Amino acid sequence: PDPAEAQIQKEVAQLKAAVKQKDQQSLQLAAAVEQLSDALDAKTKQLASANKALEEAGQGGGASQERLKLRLEASSRQCQAAQAEAKEARQQAEDMEKKVQRLESQLLHARAEQEALMRAARPSGVEHAAVFGSATGSAGGRIGMAISQVLEDVELGDKAGVTL
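Residues numbered from 1 in each chain as written. Predicted model: local features only at pLDDT ≥ 70, side-chain atom pairs only at ≥ 80, totals over all residues. Heavy atoms only, no water.

> Any chance you could break down the environment of R71 for me, citing the residues and the numbers?
Along the chain, R71 falls in helix α2 (residues 62-121). For R71, a relative accessible area of 52% puts it in the exposed group. (Helix = DSSP H or I, 4+ residues; strand = E, 2+ residues; numbered from the N terminus. Buried < 20%, exposed > 50% of the residue type's maximum accessible area, 1.4 Å probe, protein only.)

Below, the structure written as structure tokens:
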């Protein structure tokens, strides 16, 4: 294989591995966001329950009302912390998605380069085969194919044993 083609194939393999890794990380981030969202919902329900209990206790004694206020404030802080974590996780997921898109673009570009190199390497052999006939069939076809291969070698710079 051509060194440039081998390098492109290596880069393509590396890009594929990076895309796969980023996809896995995206899935992990999505799961973390989902867990944070569930925790946020639970805290919101807990906060609503504590608020309702506080309202009901508003008619009751001052000590239990103070305890409920403290619980409500603690739940409110936990809820705010969970919201901040969820926001951060969403941002990380968006960043990861951008990285995945960039890697997929690079992979697509590398594949296009590889195909262009492969197309550039083919035409000389095809032209000689058309001039000298097909390899299957008569002896003239086999001779034509041998001449075609020698001419291809000369075109590619391999002139060992060839005199024109």
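We are not done yet, so read on.
> Mind laying out the environment of Q65, listing which residues take part and the relevant values?
Within the secondary structure, Q65 is located in helix α2. Of the residues examined, Q65 reaches a relative accessible area of 26% and is grouped as partly exposed. Sequence separation between Q65 and A53 is 12 residues, and the spatial gap between their C-alpha atoms is 8.9 Å.

> For the side chain of S26, give the residues involved together with the corresponding values.
Its place among the elements puts S26 in helix α1 (residues 3-57). Setting aside chain neighbours within four positions, we find S26 in contact with M96 and V100. (Contact = heavy atoms within 4.5 Å.)

> Break down the side chain of E5 for me, citing the residues and quoting the values.
Following the sequence through the fold, E5 ends up in helix α1. Among the residues examined, E5 registers a relative accessible area of 17% and is labelled buried.

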